[in-house]
Amino acid sequence: MNITERAQKVLTEIDAALALAEKTTPGPWQQDLSLVITTYSNPEICDCDGYSIKQDEDNAAFIAASRTGYPMSLRCLKTAIGGLLRYDDCGSETWLWAQQTLTILCDQWENNL
């Protein structure tokens, strides 16, 4: 599979991850004092109480931030990959640089699924 095909596969997987994220309760989410994740319209999304106080606080903070941060990160990655793929028609050293960068991005994505 060449780098363009790999990048297109990653873009498809990003779209699937975004679709999954968009099915969740709309954000932003916040953490209340009892480590429950809430929104303005939904009193409880999940409860992060159960491990240790420090771990529960960290879990709750991450879950609350991920509702908006995760989709935003995916959209940024999608934009970056799409921008790099535009160099495919250049046939120059710029495309070689773009291929190297795409390879790094695809490797990171594929190794962390």
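A. Structural context of unusual backbone geometry. Residue Pro28 follows Gly27 across a cis peptide bond; omega there is 0°. With respect to the helices, strands and loops of the structure, Pro28 is situated in the loop between helix H1 (3–22) and strand S1 (30–31).

B. Geometry of the nonpolar core. In terms of nonpolar packing, the biggest core is built from 17 residues, with Ile14, Ile81, Leu85 and Leu102 touching the most fellow members. Secondary structure elements with two or more residues in this core: H1, helix H2 (53–85) and helix H3 (93–111). With seven residues, H1 is the largest single contributor of residues to this core.

C. Layout of H2. The end-to-end C-alpha distance of H2, which contains 33 residues, comes to 45 Å, matching closely the 48 Å that a straight helix rising 1.5 Å per residue would cover. Along H2, the helix axis deviates most sharply at Ser66, where the bend reaches about 55°. Listed in full, the buried residues belonging to H2 are Asp56, Ala60, Ala64, Arg67, Pro71, Leu74, Ile81, Gly83, Leu84 and Leu85. Along its buried surface, H2 packs onto H1, S1, strand S2 (36–38) and H3.

D. Summary view of the environment of Ile81. Looking at the secondary structure, you find Ile81 in helix H2. C-alpha of Ile81 to C-alpha of Pro71: the two residues are 10 residues apart in sequence and 15 Å apart in space. Filtering out sequence-adjacent residues up to four positions away, Ile81 remains in contact with Ala7, Val10, Leu11, Ile14, Leu102 and Leu105.

Here is what the cut-offs are and how they apply
Residues numbered from 1 in each chain as written. Predicted model: local features only at pLDDT ≥ 70, side-chain atom pairs only at ≥ 80, totals over all residues. Heavy atoms only, no water. Helix = DSSP H or I, 4+ residues; strand = E, 2+ residues; numbered from the N terminus. Core = buried A, V, L, I, M, F, W, Y, C linked by side-chain atoms within 4.5 Å. Buried < 20%, exposed > 50% of the residue type's maximum accessible area, 1.4 Å probe, protein only. Expected span 1.5 Å × (residues − 1). Bend = angle between axes of the 7 residues up to and from the residue. Contact = heavy atoms within 4.5 Å.

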